[in-house]
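# A look at the structure
Spelled out from the first residue to the last, the chains are:
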Amino acid sequence: MSVVLVNTQGCVLDARSLIDKGYLQCIQVRENNQKSHVNCRFKGQCFQILKSHLDAIASVAADGGNIETLQKTDKPTKKRKRKHSELNQGEIDSQAFHKKIRSVVLEGTKSLVDSARSLGYLNGTSTTDTVKEPLPSQECSLAALCEMAKELPLVDDEQQEECAQPLVAADGSTSHVDLFSRVTENRADWATVVTLMGEEYVIPPHTAFLLSDFTKIQPLVHYGRRFDLIVMDPPWENKSVKRSRRYSCLPSSQLKRLPIPLLASPNGLVVTWVTNRPSHLRFVRDELYPHWGVEVVAEWLWIKVTTSGEFVFPLDSHHKKPYEVLVLGRFRPSSDNETSSEVPVEDQRLIVSVPSALHSQKPSLSEVLKPYLGAEAKCLELFARSLLPGWTSWGNEVLKFQHTSYFTLTPTDDGAGVLEDEAAEDCTDNPTVTQRLSSSAESMDK
């Protein structure tokens, strides 16, 4: 069950089950156009957060292990000693925000965790498929490929009109797919394992995606859809991320360039993940949303807990907090005079879940936000690093967590059987960006 429970404080999610829900039916497409059934599950070790961070350090130390690496992540980098014990403005703002929401977090989380435990969840027991394996560590070169794609000639006007393309052609091939300048659609009712740029990826059913950055976002606009829900997790500027070089950060002011007014439906929901820096929260509320014509309607909190329901970091930790903020707003175009029948969004709702051990992998909000959307809502994720069934996704690493290294694929009992080809639209035979970059992709991944 992906949504474990819902109450007046919020909800408890099983993040891994939310992912697996999109792969209940999955086929693997071979080079010879042979298709076979496979069971597909996201790797369980990614969600085995058994102990809080400090407990993990203490446990390693008790076993005589080397805790130097863990301690580095728990303690802030040493800085020059201040003349006085005064806090800077950012620290003062952080403390004020924490004080404001502390009781909501503490009491709400306790209520949700207690209820989840009564249902047999968050009781500290491991899943049946617990394995002691290292986390997947696939080297992602997608962002680099996006940079390379900028140097290629622009698609001509005639081809540009064909803004969408099928993932799998009528002949079963994927060699025609231009990932960088057209939206790619998996039109099948099942998930599909395909080879793209020499690597295998699992693509959920009825999903669409565009692999690009700001300079190549126009195909998404030309796609011609207005979205009832837009979720984004921007690459906020962050000192620890800069040091680790996990991904490129984006100055806050650049976010205003996102064409939200061209993508959002009137009164559609816009949801932004925000780090715990008050300056980022103020920017979203006071600058970014007003710039787009989005009215702030609520702030929610994602609470990160272990498999036994404890905070992953101490609630009052000065270094890292066990929560992140989501700012929810409604797009209010000035030209829209229609009466809205939208569902009101409650403020200060909590989303409790065991986080992924993979950096920057957020839980899916598809089930949580359903009550506030229409039955046929169209959903878009910006700065995505994975795909969701039924959603459109955009980002320069949009396929990162779709790589087969993050999944366990096993043939089913009828896996040896060949499936009938699914009808798909014909594509042009012209060389594509993907074909021209495939050799580069293979060399970079070696």
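Everything quoted here is computed from the prediction, not taken from an experiment.

## Describing the pattern of salt bridges
The final tally for this structure, using the stated rule, is 19 salt bridges. A salt bridge links Glu185 to Arg187, with the nearest nitrogen and oxygen atoms 2.8 Å apart. With its nearest N and O atoms 2.9 Å apart, the salt bridge here joins Glu324 to Lys304. Remark: Lys304 occurs in strand β12 (residues 294-304) and Glu324 occurs in strand β13 (residues 323-331); sequence separation between them is 20 residues. Taken as a pair, Glu324 and Lys304 share a single burial class, namely buried. The network of salt bridges with shared partners includes Lys110, Asp114, Arg117 and Glu310.

## Here's the deal with the packing of aromatic side chains
Enumeration over the complete set of coordinates arrives at eleven aromatic pairs. Ring plane angle 65° and centroid distance 5.8 Å describe the contact between Trp300 and Tyr372, whose orientation is recorded as edge-to-face. Taken together, the positions of Trp300 in strand β12 and Tyr372 in the loop between β14 (350-353) and β15 (379-382) put the pair 72 residues apart, joining distant regions of the chain. Note on accessibility: Trp300 and Tyr372 belong to one class, buried. Through a chain of ring-to-ring contacts, three or more aromatic side chains come together here, namely Tyr23, Phe42, Phe47, Phe401, Tyr406 and Phe407.

## As for helix α5 (residues 142-149)
Of the positions making up α5, those classed as buried are Leu142, Leu145, Cys146 and Ala149. Looking straight down α5, one finds that the buried residues subtend no more than 105° of arc, so they occupy a single side.

## Topic: the sheet that holds strand β3 (residues 26-29)
The strand order across the open sheet built from five strands is β8-β7-β3-β4-β17, with neighbouring strands paired in mixed fashion. Both edges of this open sheet fall to β8 (199-203) and β17 (407-411), since each of them pairs with a single strand only. Neighbour to neighbour, the strand axes of the sheet diverge by 35° on average, direction disregarded. Sheet analysis places β3 next to strand β7 (residues 191-196), joined by three bridges and oriented parallel. What sits directly across from Gln28, in β7, is Val193.

## What about the side chain of Thr109?
Considering the arrangement of structural elements, one finds Thr109 in helix α4 (residues 89-118). A distance of 2.6 Å separates a polar side-chain atom of Thr109 from the backbone oxygen of Val105.

## Comments concerning helix α10 (residues 278-292)
Taking 1.5 Å of rise per residue, the 15 residues of α10 would be expected to cover 21 Å, and the 20 Å separating its terminal C-alpha atoms lies within 8% of that figure. Along α10, the helix axis deviates most sharply at Val284, where the bend reaches about 40°. Within the sequence span of α10, burial applies to Pro278, His280, Leu281, Phe283, Val284, Leu288, Tyr289 and Trp292. The inward-facing, buried residues of α10 abut α4, β10 (227-232), α9 (260-263), β11 (264-274), β12 and β13.

## Concerning the pairing of strand β6 (residues 183-186)
Residues Val183 and Glu185 of β6 are buried on one face, and the alternating residues Thr184 and Asn186, pointing to the opposite face, are buried as well. Sheet analysis places β6 next to strand β9 (residues 207-211), joined by three bridges and oriented antiparallel. Its bridge partner being in β9, Glu185 is matched across the sheet by Ala208.

## A few points about the pairing of β7
For a regular strand, side-chain orientation follows a simple rule: the groups alternate between the two sheet faces. Most of β7 is tucked away: five of the six residues are buried. Two elements, β7 and β8, share five bridges in a ladder whose sense is antiparallel. Considered in β8, the bridge of Thr195 is made with Glu200. The turn linking β7 back onto β8 is made up of two residues, and Met197 within it adopts a positive phi angle of 55°.

## Some points on unusual backbone geometry
Backbone geometry places Met197, a non-glycine residue, at a positive phi of 55°. Within the secondary structure, Met197 is located in the loop between β7 and β8. Even without being glycine, Gln348 reaches a positive phi, approximately 55°. Looking at where Gln348 falls in the secondary structure, it is placed in the loop between β13 and β14. When its relative accessible area of 34% is taken as the criterion, Gln348 is described as partly exposed.

## Concerning the packing of α4 against α10
For the pair α4 and α10, interaxial distance at closest approach is 9 Å and the crossing angle is 75°. Taken together, the axes of α4 and α10 lie roughly perpendicular to each other. Mapping the contact onto sequence places Gly90, Asp93, Ser94 and Phe97 in α4 and Pro278, Leu281 and Arg282 in α10. Looking at the contact of α4 with α10 residue by residue, the classes come out as three nonpolar, two polar and two charged.

## Regarding empty space enclosed by the protein
One pass over the full model with this rule turns up four cavities of 30 Å³ or more. If you trace the largest cavity, you find 26 residues lining it, with Lys362, Ser364, Glu381, Ser386 and Leu388 closest to the centre.

## Comments concerning the nonpolar core
With 58 residues, the main nonpolar core has Leu258 and Leu382 as its most contacted residues. The residues touching Leu382, leaving out its near neighbours within four places in the chain, are Leu220, Ile230, Val231, Met232, Asp233, Leu258, Ile260 and Trp394.

## What about the sheet that holds β14?
The strands that make up a sheet are held in pairs by hydrogen bonds between backbone atoms, and each pair lies either parallel or antiparallel. Overall, mixed pairing links the twelve strands, which are arranged β1-β2-β14-β12-β13-β11-β10-β15-β16-β9-β6-β5 in an open sheet. The open sheet is flanked by β1 (3-6) and β5 (164-166), the only strands paired with a single partner. Strand-to-strand twist across the sheet, computed as the mean angle between neighbouring axes with direction ignored, equals 20°. Sheet topology places β12 next to β13; nine bridges connect them, and they run antiparallel. Each residue of the ladder has a partner; that of Val296, found in β13, is Gly329. This element, α10, spans β10, β11, β12 and β13 of the sheet and lies at about 15° to β13.

Each value, and the rule that gives it
- Numbering of residues starts from 1 in every chain and runs along the sequence as written.
- In keeping with the model being predicted, local features are shown solely for residues with a pLDDT of at least 70 and side-chain atom pairs are shown and tallied solely at 80 or more, while totals for entire chains, interfaces and linings include all residues.
- Computation of side-chain values: all heavy atoms of the structure, hydrogens and water removed.
- Any Lys or Arg side-chain nitrogen located within 4 Å of an Asp or Glu carboxyl oxygen qualifies as a salt bridge.
- Runs of H or I in DSSP of at least four residues are treated as helices and runs of E of at least two as strands, each being numbered from the N terminus.
- Burial classes: relative accessible area under 20% of the type maximum marks a residue as buried, over 50% as exposed, and values in between as partly exposed (1.4 Å probe, protein chains only).
- Between 30 and 60 degrees the pair is tilted, below 30 it is stacked and above 60 it is edge-to-face, where a pair is any two Phe, Tyr or Trp rings, Trp via its six-membered ring, whose centres lie within 6.5 Å.
- As used here, the arc belongs to the directions running from the helix axis to the C-beta atoms.
- Strand pairing requires that DSSP identify at least two bridges connecting the strands.
- Here an angle of 0 to 180 degrees is reported between the N-to-C directions of two axes, which are lines fitted to C-alpha atoms, with helices fitted over the stretch in contact.
- In protein, a polar contact requires one atom able to donate a hydrogen and another able to accept it; more generally it is a pair of N or O atoms within 3.5 Å, and residues adjacent in sequence count only if both atoms are side-chain atoms.
- Working rule for helices: expected span equals 1.5 Å times residues minus one.
- To get the bend at a residue, fit one axis to the 7 residues ending there and another to the 7 starting there, then take the angle between the axes.
- A contact between two residues is defined here by any heavy atoms of the two lying within 4.5 Å.
- In what follows, roughly perpendicular refers to angles from 65 to 115 degrees, roughly parallel to angles under 35, roughly antiparallel to angles over 145, and oblique to any angle outside these ranges.
- Residue polarity is assigned by list, with Asp, Glu, Lys and Arg as charged and Ala, Val, Leu, Ile, Met, Phe, Trp, Tyr, Cys and Pro as nonpolar; anything else, Gly included, falls into the polar class.
- Using a 1 Å grid laid over the protein atoms alone, points where a 1.4 Å probe fits but cannot get out form a cavity; open sets with protein on both sides within 12 Å along at least 5 of 7 lines form a pocket; any residue with an atom within 4 Å of a point counts as lining.
- Grid points are joined across faces, edges and corners, and a volume is the space filled by probe spheres set on the points.
- Nine residue types can take part in a nonpolar core, namely buried Ala, Val, Leu, Ile, Met, Phe, Trp, Tyr and Cys, and a core is a set of them joined through side-chain atoms within 4.5 Å.

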